[in-house]
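Take a look at the letters that make up each chain.
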Amino acid sequence: MAGVAGPATGSGAAGGDGDDSLYPIAVLIDELRNEDVQLRLNSIKKLSTIALALGVERTRTELLPFLTDTIYDEDEVLLALAEQLGNFTGLVGGPDFAHCLLPPLESLATVEETVVRDKAVESLRQISQEHTPVALEAHFVPLVKRLASGDWFTSRTSACGLFSVCYPRASIAVKGEIRQYFRSLCSDDTPMVRRAAASKLGEFAKVLELDSVKSEIVPLFTNLASDEQDSVRLLAVEACVSIAQLLSQDDIEALVMPTLRQAAEDKSWRVRYMVADKFSELQKAVGPKITLNDLIPAFQNLLKDCEAEVRAAAAHKVKELCENLPMEGRETMIMNQILPYIKELVSDTNQHVKSALASVIMGLSTILGKENTIEHLLPLFLAQLKDECPEVRLNIISNLDCVNEVIGIRQLSQSLLPAIVELAEDAKWRVRLAIIEYMPLLAGQLGVEFFDEKLNSLCMAWLVDHVYAIREAATNNLMKLVQKFGTEWAQNTIVPKVLVMANDPNYLHRMTTLFCINALSEACGQEITTKQMLPIVLKMAGDQVANVRFNVAKSLQKIGPILDTDALQEEVKPVLQKLGQDEDMDVKYFAQEAISVLALA
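Residues numbered from 1 in each chain as written. Predicted model: local features only at pLDDT ≥ 70, side-chain atom pairs only at ≥ 80, totals over all residues. Heavy atoms only, no water.

A. Quick look at the overall build of the protein. Across its full length, the protein carries 37 helices and zero strands. For 601 residues, the compact-globule estimate of 2.2 N^0.38 gives 25 Å, and the protein exceeds it by more than 25% at 35 Å. The principal-axis extents of the C-alpha atoms in the protein amount to approximately 90 × 80 × 30 Å. Relative to its 601 residues, the protein shows a buried fraction of 53%. A sequence separation of at least 24 residues applies to 68% of the contacts in the protein between residues at least 6 apart. Across the protein, 57 positive and 82 negative side-chain charges occur, with their mean positions spaced 4 Å apart. (Helix = DSSP H or I, 4+ residues; strand = E, 2+ residues; numbered from the N terminus. Rg over C-alpha atoms; globule rule 2.2 N^0.38 Å. Buried < 20%, exposed > 50% of the residue type's maximum accessible area, 1.4 Å probe, protein only. Contact = heavy atoms within 4.5 Å. Lys, Arg positive; Asp, Glu negative; His and termini not counted. Charge placed at Lys NZ, Arg CZ, Asp CG, Glu CD.)

Shown next as structure tokens:
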């Protein structure tokens, strides 16, 4: 059959016995034996088409055995195969025959490459739902047992992901066996297997009866949380959330908290990091009483941990922790038990810690109210606005709106605005650039009057900055401001100031005028562009500097579509024709390009 070649057009084309239904599988076999990986990959991706052509019976009796026997290939081919088989139930005859898909997937679940194993497990989980309870016990559970007792750690790690899908529908006797297998994997000699078991512990706990959770899962959790490998211990922290959600307050206190306290002080920073990272989920799972007695002290320790990664992870959770505290006495608790630690972090030596804190600290103002924000938080915001790390400053600026809601614009302007102005004039151009990018956001938060009074002059100053990137960003900034504040504001406030620069002795500033006109014309519309901007552009066509002249041609091409035909024919066309005869090659080129784009030839 493998030797069949050529398209099966006639009745004798495949094999000479008149059976051209052999053709699809023959081609597949040829392609799967091809040396070209891409060909093999393509044929795997067409499996469903081939299965349809073969029909359900031949898919079961020929295609699947063939696939099971040929599982030795490049990882990407195996990955595609594992993915395809997950959606194959309909192609083998429906749920009654779903068990036929287990052998190839079982082989894939034991290969060395993790990505392939994970995809095979995902497909097996999908197919398990299509088994009837009887078929599940007859075919699926034995597969899980085989994988769980396999010689290679690869099969045992794959087994860990399958317990939770077959447990709920198994009989009581089989449930006992499944729990036994899971227990043995939790104490496996290979750390990779214990890791896999720890990562699925919470998921498995959710499908168990409560008594089994207390009598079996909790001891497993305790053991895994004190495993010699930190990579296993940190996964036990994740399981802690799921287990705590299933237990009563008293049981959590007695069975889970001793282990969690130990994890929060673990000698490995990775485990402590995991506790910090999962803190909000842990807080919700254990409830308010245990949070106050146990988690707050643990959180304080994490905020002053010796490892920067742990402090940063904890800092990220500050706002969520405070939001989730019980309303009664929340303010006092934050002020006394959390804020002192936050004050320390504002001057932390590590920029990631400060940045993490800056991204959430503004949110505390809505929780603590106006007076506390002004008295306690504003000094911290100010310190962070002046931090040498740009990310810290940006995180503060981008969250100003929530402080504005609490303390009002006047208070905000007196305290934080001088710091923002200072940054806008910073000696480092990247700092100035970052502030420009936040200007439309700030303008939206502060309103037009306030903006004109305090920040307008800054925006204009940036247009004549000595760094091109700043001038370019300032031009885009103007366009965004016009979109925010409207054309009337642009006409009265921005356009006159931009047009004055057309007479600047520095040719770079004259060019900036053109760039601004390009950006503003669309936002300002036809009337302002024709009456106020166009005359200036046309006048600059006589500039002595060639760079300015060719930018005039580019500007006319840009604003042309906004102008009416009269203006184009009577004013723009003669100027472009004159520039088309310019002695400078570039000016000529851009003028001619503008003429053809605007169809003025």
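After presenting the structure, the write-up continues.
B. Inspection of the packing of helix H35 (residues 546-559) against helix H37 (residues 585-597) at higher detail. Relative orientation of the contacting elements H35 and H37 amounts to 10°, with a least axis distance of 8 Å. As far as their axial angle goes, H37 and H35 are roughly parallel. Taken together, the residues of H37 that come into contact with H35 (itself represented by Ala-546, Arg-549, Phe-550, Ala-553, Lys-554 and Gln-557) are Asp-586, Val-587, Phe-590, Ala-591, Glu-593, Ala-594 and Val-597. For the contact of H35 with H37, the per-class residue count stands at eight nonpolar, one polar and four charged. (Axes fitted to C-alpha atoms, helices over the stretch in contact; angles between N-to-C directions. Parallel < 35°, antiparallel > 145°, perpendicular 65-115°, else oblique. Nonpolar A, V, L, I, M, F, W, Y, C, P; charged D, E, K, R; others polar.)

C. Examining the side chain of Thr-529 more closely. Inspection of the secondary structure assignment puts Thr-529 in helix H34 (residues 526-539). Setting aside its immediate chain neighbours within four residues, Thr-529 contacts Ser-521, Leu-534, Ile-559, Ile-562 and Leu-563.

D. Quick peek at a negative patch on the surface. Taken together, the side chains of Glu-74, Asp-75, Glu-76 and Glu-112 make up a negatively charged region of the molecular surface. Along the chain, Glu-74 falls in the loop between helix H4 (56-69) and helix H5 (75-85). (Patch = residues over 30% accessible without salt bridge, like charges linked within 9 Å, V, L, I, M, F, W, Y side chains within 5 Å. Areas by Shrake-Rupley, 256 points an atom, 1.4 Å probe, with all protein chains shown as cover. Salt bridge = Lys/Arg side-chain N within 4 Å of Asp/Glu carboxyl O.)

E. Just the layout of surface pockets, in detail. Approximately 270 Å³ is the volume attributed to the largest pocket. Lining the largest pocket are 15 residues, and of these Thr-114, Asp-118, Thr-157, Ser-158 and Ala-196 sit closest to its centre. Those elements that place two or more of their residues in the lining of the largest pocket are helix H7 (114-128), helix H9 (153-160) and helix H12 (191-207). Each residue belonging to the lining of the largest pocket can be placed in one class, and the counts come to five nonpolar, five polar and five charged. (1 Å grid on protein atoms, 1.4 Å probe; cavity = no way out; pocket = protein on both sides within 12 Å on 5 of 7 lines; lining within 4 Å. Points joined across faces, edges and corners; volume = space filled by probe spheres on them.)

F. Representation of H34. For H34, built from 14 residues, the straight-helix expectation of 20 Å at 1.5 Å per residue is met to within 8% by its first-to-last C-alpha distance of 19 Å. Its axis deflected by about 45° at Met-533, H34 carries its strongest bend there, up to four residues before the proline Pro-535. Within H34 the residues assigned to the buried category are Ile-528, Thr-529, Met-533, Leu-534, Ile-536, Val-537 and Leu-538. (Expected span 1.5 Å × (residues − 1). Bend = angle between axes of the 7 residues up to and from the residue.)

G. Representation of the pattern of salt bridges in the model. Applying the stated criterion across every chain yields a total of 11 salt bridges. Residues Arg-270 and Asp-230 are paired through a salt bridge, measuring 3.5 Å at the closest nitrogen-oxygen approach. On the criterion of sequence distance, the pair formed by Arg-270 in helix H16 (residues 269-277) and Asp-230 in helix H14 (residues 230-246) is long-range, its members being 40 residues apart.

H. Local environment of the packing of aromatic side chains. In the structure shown here, the tally under the stated rule is seven aromatic pairs. Note on Tyr-468 and Phe-515: the rings are 6.5 Å apart at their centroids and 80° apart in plane angle, and the pair reads as edge-to-face. In this pair, Tyr-468 sits in helix H31 (residues 468-485) while Phe-515 sits in helix H33 (residues 507-524), placing the two residues 47 residues apart along the sequence. Judged by relative accessible area, Tyr-468 falls into the partly exposed class, the value being 43%. (Phe/Tyr/Trp six-rings, centres within 6.5 Å; stacked < 30°, edge-to-face > 60°.)

I. Geometry of the nonpolar core. Counting 216 residues, the largest nonpolar core has Ile-243 and Val-318 as the members making the most contacts within it. Among the elements that take part in this core, H14 stands out by supplying 10 residues, more than any other. Among all residues touching Val-318, those that are not within four sequence positions of it are Phe-299, Leu-303, Ile-338, Ile-342, Leu-357, Val-360 and Leu-364. (Core = buried A, V, L, I, M, F, W, Y, C linked by side-chain atoms within 4.5 Å.)

J. Seen up close, the packing of H16 against helix H17 (residues 279-286). Look at H16 against H17: their axes get within 5 Å of each other, and the N-to-C directions meet at 65°. Packed against H16, whose contacting residues are Val-275, Ala-276 and Asp-277, the element H17 presents Phe-279, Glu-281 and Leu-282 at the interface. In terms of residue class, the contact of H16 with H17 is made up of four nonpolar, no polar and two charged.

K. View of the environment of Leu-41. Along the chain, Leu-41 falls in helix H2 (residues 37-45). C-alpha of Leu-41 to C-alpha of Glu-391: the two residues are 350 residues apart in sequence and 44 Å apart in space. Ignoring sequence-local partners within four residues, the contact set of Leu-41 consists of Glu-76, Val-77 and Ala-80.

L. Here's a closer look at the environment of Ala-98. Its location among the elements puts Ala-98 in the loop between H5 and helix H6 (102-108). Sequence separation between Ala-98 and Ser-128 is 30 residues; the distance between their C-alpha atoms is 8.3 Å. Filtering out sequence-adjacent residues up to four positions away, Ala-98 remains in contact with Thr-89, Ile-127 and His-131.

M. Looking closely at the confidence of the model for the protein. Predicted confidence across the protein gives a mean pLDDT of 79, with 94% of residues reaching 70 or more. Note on residues 1-20: pLDDT is under 50 here. Beyond four places in sequence and across chains, it has 25 contacts. (pLDDT = per-residue confidence, 0-100.)

N. Spotlight on the environment of Asp-387. Along the polypeptide, Asp-387 turns up in the loop between helix H23 (364-385) and helix H24 (390-397). Remark: the alpha-carbon pair of Asp-387 and Gln-557, spanning 170 residues in sequence, is separated by 44 Å. Contact partners of Asp-387, with chain neighbours within four places excluded, come to Val-346, Lys-354, Val-392 and Arg-393.

O. Representation of the side chain of Ser-521. Considering the arrangement of structural elements, one finds Ser-521 in helix H33. Of the residues examined, Ser-521 reaches a relative accessible area of 0% and is grouped as buried. Beyond its immediate chain neighbours, meaning those up to four positions away, Ser-521 contacts Thr-529, Met-533, Ile-559 and Ile-562.

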